[in-house]
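Overview (structure and organization)
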Amino acid sequence: MDFENISTLPEYGYCSPVSLADLIDADCQQVPDRGGVYVVVREPSTPPQFLIESPAGHFDDRNPTVAETELLRNWVDQVVILYVGETDNLRRRFKQFIRFGHGQPVGHWGGRYLWQLEDSANLCLSWKLTPDENPVDLKRRLLKTFRVRYSKLPFANLKN
């Protein structure tokens, strides 16, 4: 997979990226309520600016904000894919993701570093349905490929 170029996602079976704004406007109705793997992308691959305080929701009294040094340590230059996730229901997961980013207390913290990006409102999501394979297995393969290529995980993936 090409982690540095958004335009190649369809070549790997992913849909063209959809902006957060479009997902919000349509209440994620364009997203299937089926299982799959998704990626959060940011273009261009310019150096990031970070917010001091994350706008994401607090859950069980846990603050999602981390220090800028931690965010910079996880950043991968020249890469547009910032997070790889999997789910048994893409629509439900995207709604949780958006609610969390808008300050609601959602229990799933996957990708929480994304919300400290100053330009997080410009992020896009792309997904691939996985009717013939386990999405967990595909995600693991993608993360393994990424780690081999860049010696770390994507920016907002904190574990395999």
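Everything below is about the structure printed above this text.
Reference entry: report on the structure contained in this document. (Residues numbered from 1 in each chain as written. Predicted model: local features only at pLDDT ≥ 70, side-chain atom pairs only at ≥ 80, totals over all residues. Heavy atoms only, no water.)

1. Considering the overall build of the protein chain
A count of helices and strands for the protein chain gives four helices and four strands. Its helices and strands in sequence order give the protein chain the pattern β-α-β-α-β-α-β-α, from N to C terminus. Projected onto its principal axes, the C-alpha coordinates of the protein chain cover approximately 40 × 35 × 25 Å. Every one of the 160 residues in the protein chain was classed for burial, and the buried ones make up 47%. (Helix = DSSP H or I, 4+ residues; strand = E, 2+ residues; numbered from the N terminus. Buried < 20%, exposed > 50% of the residue type's maximum accessible area, 1.4 Å probe, protein only.)

2. Brief notes about the nonpolar core
In terms of nonpolar packing, the biggest core is built from 30 residues, with L23, F94, L114 and F155 touching the most fellow members. Mapped by element, the contributors of at least two residues to this core are α1 (20-25), β2 (36-41), β3 (81-87), α3 (90-101) and β4 (124-129). Of the residues forming this core, the biggest block, five residues, is contributed by α3. Those residues in contact with F155 that lie beyond four places of it in its chain are F50, L71, N74, W75, V76, L82, Y113, L114 and L117. The next biggest cluster of nonpolar side chains, apart from the first, holds 20 residues, and it includes L9, V39, V76 and I81. (Core = buried A, V, L, I, M, F, W, Y, C linked by side-chain atoms within 4.5 Å. Contact = heavy atoms within 4.5 Å.)

3. Quick look at the environment of V39
Looking at the secondary structure, you find V39 in strand β2. With 41 residues separating them in the primary sequence, V39 and V80 have C-alpha atoms 9.7 Å apart. If we skip the residues at most four places from it in the chain, V39 touches L9, Y14, I81, Y83, V84, C124, L125 and S126.

4. Let's talk about the packing of aromatic side chains
Any two aromatic rings considered together are summarised by their centre-to-centre distance and by the angle between their planes. Across all of its chains, the model carries twelve aromatic pairs by this definition. On the basis of an interplanar angle of 80° and a centroid distance of 6.4 Å, the ring pair of F50 and W75 is categorised as edge-to-face. Here the residue F50 occupies a position in the loop between β2 and α2 (68-74), and W75 occupies one in the loop between α2 and β3, the gap between them amounting to 25 residues. A residue is classified by how much of its surface remains accessible, and W75, at 9% relative accessible area, is buried. Seen from their ring centres, F50 and F155 are 6.0 Å apart, and the 25° between their planes marks the pair as stacked. Note that F50 is positioned in the loop between β2 and α2 and F155 in the segment after α4 (135-150), a separation of 105 residues in sequence. Both residues of the pair, F50 and F155, count as buried. Taking the ring centre of W109 as reference, the NZ or CZ of R62 above it sits at 4.3 Å. (Phe/Tyr/Trp six-rings, centres within 6.5 Å; stacked < 30°, edge-to-face > 60°. Lys NZ or Arg CZ within 6 Å of the ring centre and 35° of its normal.)

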